Amino acid sequence: MTSPVDDLHTIRDFLRYAASRFAASPLYFGHGTDNVWDEVVQLVLRSVHLPLENNNVFLDARLVRTERELIVERIERRINERVPIAYLLGEGWFMGMPFNIDERVLVPRSPIGELLENGLQPWLGSQPVQRILDLCTGSGCIGIGAATVFDEAEVDLSDISEAALEVADSNIELHGLEGRVQTIRSDVFEKIEGRYDVILSNPPYVDAEDMADMPEEYRHEPELGLAAGKDGLDIAHRIIAGAAEHLTENGLLIVEVGNSWGAMDDAYPDLPLTWLEFDSGGDGVFLVTAADLREWQVRNS
């Protein structure tokens, strides 16, 4: 029997082949893409370091054998092992920027990126941003994205996982932000000092039921970055409890809790959480001001 490595030659060949294989397989798309075609384009083109856009000139380019072998190997692993493409490539994308990604961290996919691209407006208003904290940072993509938007702000990337912070450090270097962005190993606010104008967080928020039922692709990600107890709020509760003392007077707290948003509303019925909407999809992200947090703490003390 001949191999696809022998029968296929051009990028167009491999795009068609991968699309057919993926469409016939029970894959789950939830790590930056939501359909077969986008998944295929990312795998094939980035395997040979070609751009994801404006790439028509390359479609009929012939691949050398080592490139063909690599692409076929990755197609097979994506299908048979259900490995997310970011782990196969060692690369994920967030806010149009590449990030070093491996199985020490979650694959970037937070809708918080859309908020940052809009400069946190209209909620930020004219407030200056001098310090930003990315809590439970993982790869550092949210905090590094914030640093590119607020280009005079100092940004701290915090995580309990030393392994995750190694990845975050590599991404700080990748984007040349060593002068303004640093990592801090901390269990939520344990080692955090001072106040921030903005605290951003995509913490673990998957509840026990969803952890048991999630697709195989998610089982390649670190459980530490996903699981958050029976209702998915183990870390969110700690963030709410400690955020006020780490926010400036007009500071903002923005936290993603995904499918646990209903449990969050039930847990804090008298805390004025603003649930944000996104043009590019995604939900379960709330915003609350420092003033509202402090008033809520006084009422509940």
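Reference entry: report on the structure contained in this document. (Residues numbered from 1 in each chain as written. Predicted model: local features only at pLDDT ≥ 70, side-chain atom pairs only at ≥ 80, totals over all residues. Heavy atoms only, no water.)

## Quick notes on the overall build of the protein
Basically, it comes down to this: Segments assigned H or I by DSSP are reported as helices when at least four residues long, segments assigned E as strands when at least two residues long, and all are numbered from the N terminus. Here the globule rule reads 2.2 Å times residues to the power 0.38, and the radius of gyration is calculated from C-alpha atoms. Exposure is judged per residue with a 1.4 Å probe applied to protein chains only, and the accessible area is read against the type maximum: over 50% gives exposed, under 20% gives buried, and values in between give partly exposed. Every residue pair with non-hydrogen atoms within 4.5 Å of one another is taken to be in contact. Working definition of accessibility: Shrake-Rupley area with a 1.4 Å probe, residue cover restricted to the visible protein chains. We count Lys and Arg on the positive side and Asp and Glu on the negative side, and we leave His and both chain ends out. By convention, charge coordinates are those of NZ in Lys, CZ in Arg, CG in Asp, or CD in Glu.
Each helix and strand in the protein was counted, giving 12 helices and 9 strands. Taken against the 2.2 N^0.38 rule, which gives 19 Å for 301 residues, the C-alpha radius of gyration of the protein at 21 Å falls within 12% of a compact globule. Expressed as lengths along the three principal axes of its C-alpha atoms, the size of the protein is roughly 75 × 40 × 35 Å. Across the 301 residues that make up the protein, the buried fraction comes to 52%. Once local pairs closer than 6 in sequence are excluded, the contacts in the protein between residues at least 24 apart make up 69%. By element, 47% of the accessible surface of the protein is carried by carbon and sulfur atoms, the whole surface being about 14,200 Å². Looking at charge distribution, the protein has the averaged site of its 23 positive side-chain charges lying 6 Å from that of its 54 negative ones.

## Structural notes on the sheet that holds strand 7 (residues 247–256)
Defined as follows: Between any two strands, pairing holds if DSSP finds at least two bridges.
Read from one edge to the other, the open sheet built from 7 strands follows the order 5-4-3-6-7-9-8, with strand pairing classed as mixed. In the strand order of this sheet, the two ends are held by strand 5 (181–185) and strand 8 (274–275), each with one partner. Bridge count for strand 3 (residues 131–135) against strand 4 (residues 154–159) is 5 bridges, and the pairing is parallel. Looking at strand 4, one finds that Leu-135 is bridged to Ser-158.

## Focus on the packing of aromatic side chains
Cut-off, in case you're wondering: Two aromatic rings from Phe, Tyr or Trp, using only the six-membered ring of Trp, form a pair when their centres are within 6.5 Å; if the ring planes differ by under 30 degrees the pair is stacked, by over 60 it is edge-to-face, and anything between is tilted. For a lysine, the NZ atom is tested; for an arginine, the CZ atom; a charge sits over a ring if that atom is within 6 Å of the ring centre and within 35 degrees of the ring normal.
Tallying each qualifying case throughout the model produces 4 aromatic pairs. Aromatic pair Trp-261 and Trp-275: ring centres 6.1 Å apart, planes at 65°, arrangement edge-to-face. Here Trp-275 lies in strand 8 and Trp-261 lies in helix 11 (residues 261–267), a separation of 14 residues in the sequence. For Trp-261, a relative accessible area of 43% translates into the label partly exposed. By the ring-pair criterion, three or more aromatic residues cluster together here, those being Trp-261, Trp-275 and Phe-286. Over the ring of Tyr-196 we find Arg-131, and its NZ or CZ is 4.1 Å from the ring centre.

## A word on the pairing of strand 9 (residues 285–289)
For strand 9, a buried count of 4 out of 5 residues is recorded, marking the element as mostly surrounded by other parts of the structure. Bridging between strand 8 and strand 9 involves 2 bridges; their strand directions are antiparallel. The residue of strand 9 that forms the bridge with Trp-275 is Phe-286.

## A closer look at helix 4 (residues 65–80)
One turn of the α-helix equals 3.6 residues, which is why residues spaced by three or four share an orientation. For clarity, the cut-off: Expected span, for any helix, means 1.5 Å times one less than how many residues it has. As used here, the arc is the angular range of directions from the helix axis to the C-beta atoms.
Over its 16 residues, helix 4 runs 22 Å from end to end, which matches the ideal 22 Å to within 8%, given 1.5 Å per residue. If you check which residues of helix 4 are buried, you get Arg-68, Ile-71, Val-72, Arg-74, Ile-75, Arg-78 and Ile-79. Summarising the axial view, the buried residues of helix 4 lie within an arc of 160°, below the 170-degree limit, and thus occupy one face. Facing away from the buried side of helix 4 by more than 90 degrees, the exposed set consists of Thr-66 and Asn-80. Contact partners of the buried residues in helix 4: helix 1 (4–7), helix 2 (11–23), helix 3 (36–47) and helix 5 (85–89). Directly after helix 4, the chain includes Arg-82, whose backbone phi takes a positive value near 60°.

Everything listed here is a matter of coordinates, which is why it stays silent on function.
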